[in-house]
Amino acid sequence: MYINTLKQCLHCLYLNSKNINMKYTLLAFVMTLFIACDDNDNRNVDYKVQNEQDIVAYINENDLNAQKSESGLYYVVNEEGAGKKPTANSDVTVAYKGTFLNGSVFDQSNSSGISFNLEQVIKGWTEGITYFKEGGSGLLLVPSHLGYGSNDNRGIPGGSVLIFEINLISVD
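Quick notes on the rules
Residues numbered from 1 in each chain as written. Predicted model: local features only at pLDDT ≥ 70, side-chain atom pairs only at ≥ 80, totals over all residues. Heavy atoms only, no water. Helix = DSSP H or I, 4+ residues; strand = E, 2+ residues; numbered from the N terminus. Buried < 20%, exposed > 50% of the residue type's maximum accessible area, 1.4 Å probe, protein only. Areas by Shrake-Rupley, 256 points an atom, 1.4 Å probe, with all protein chains shown as cover. pLDDT = per-residue confidence, 0-100. Contact = heavy atoms within 4.5 Å. Pairing = 2+ DSSP bridges. Phe/Tyr/Trp six-rings, centres within 6.5 Å; stacked < 30°, edge-to-face > 60°. Salt bridge = Lys/Arg side-chain N within 4 Å of Asp/Glu carboxyl O. Core = buried A, V, L, I, M, F, W, Y, C linked by side-chain atoms within 4.5 Å.

Here we look at the overall build of the protein
Next, step 1: For the protein, the count of helices and strands is 4 helices and 7 strands.
Next, step 2: Looking at the protein as a whole, 37% of its 172 residues are labelled buried.
Next, step 3: Summing over all exposed atoms, the protein offers an accessible surface of approximately 10,700 Å²; the carbon and sulfur share of this is 50%.

Written out as structure tokens, the structure reads:
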């Protein structure tokens, strides 16, 4: 409401101004005001510290034996598997279920899995799937900087930690 009133006042001043320089000055002021008052704060927020705390709490609450990589990815190997080990650019077939820390499911495959190249997925998957061999299963606990970052993406809120139960079916 305040912004609309301000807009109307400035518009009146603009229309009633006889001085062309005054019009341009007012126009520049209005443009600056609208840019400064933008409700959509598009700054990227760094969730690393909060994600780390949330993941550690989740691991403790669920009594998990998780490993942490240098990138900040946590993973749990329930079954390493006995087959071929993928690399970061392998084609793989994976059955998975993706949840938030609160357990609500945001995505899942069927038991036959989906096939994709590891270069076409979030960084947490590109790295995490390589800790398993064909037939392996476990968890990936993906902080937002290895997932979808600080911006909302297809129903996943920015800054979200993602938990994936994975079963590496094949490395192609």
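Digging into the confidence of the model for the protein
Detailed reading of the predicted model is not advised wherever pLDDT is low.
Next, step 1: Mean pLDDT over the protein: 86, with 74% of residues reaching 70 or higher.
Next, step 2: Between residues 38-42, whose pLDDT stays under 50, and residues either more than four places distant or in other chains, the model counts 0 contacts.

So, unusual backbone geometry
Next, step 1: With a phi angle near 50°, Asp 63 is a residue other than glycine that sits in the positive phi range.
Next, step 2: Mapped onto the secondary structure, Asp 63 falls in the loop between α3 (48-61) and β1 (67-68).
Next, step 3: For Arg 154, which is not glycine, the phi dihedral falls at a positive 45°.
Next, step 4: Topologically, Arg 154 is positioned in the loop between β6 (137-142) and β7 (162-171).

Focus on the pairing of β7
Each regular strand shows side chains that alternate between the opposite faces of the sheet.
Next, step 1: β7 sits mainly inside the fold: 7 of its 10 residues count as buried.
Next, step 2: The sheet contact formed by strand β3 (residues 91-99) and β7 spans 8 bridges and is antiparallel. Bridging across to β7, Val 92 finds its partner in Val 171.
Next, step 3: Sheet analysis places β6 next to β7, joined by 6 bridges and oriented antiparallel. Residue pairing for β7: Gly 138 is matched across the bridge by Ile 166.

Quick look at the packing of aromatic side chains
Next, step 1: The final tally for this structure, using the stated rule, is 7 aromatic pairs.
Next, step 2: Here the aromatic rings of Tyr 96 and Trp 125 are separated by 5.2 Å at their centres, their planes lie at 90°, and the arrangement is edge-to-face. Of this pair, Tyr 96 sits in strand β3 while Trp 125 is found in helix α4 (residues 123-128), placing the two residues 29 residues apart along the sequence.
Next, step 3: The class for Tyr 96 is buried, based on a relative accessible area of 12%.

Comments concerning the pattern of salt bridges
Next, step 1: Considering all chains together, one arrives at 3 salt bridges under this definition.
Next, step 2: For the salt bridge of Lys 97 with Glu 165, the shortest nitrogen-to-oxygen distance reads 3.9 Å. One end of the pair, Lys 97, is in strand β3; the other, Glu 165, is in strand β7, and 68 residues separate them in sequence.

Description of the nonpolar core
Next, step 1: One finds Val 94, Trp 125, Ile 129, Leu 140, Phe 164 and Ile 166 to be the most contacted residues of the largest nonpolar core, which totals 21 residues.
Next, step 2: The set of elements that each furnish at least two residues to this core consists of β3, β6 and β7.
Next, step 3: When residues of this core are assigned to their parent elements, the largest contribution, 5 residues, is made by β7.
Next, step 4: Beyond its immediate stretch of four places on either side in the chain, Val 94 contacts Ser 109, Gly 113, Ile 114, Phe 116, Trp 125, Ile 129, Ile 166, Asn 167, Leu 168 and Ile 169.

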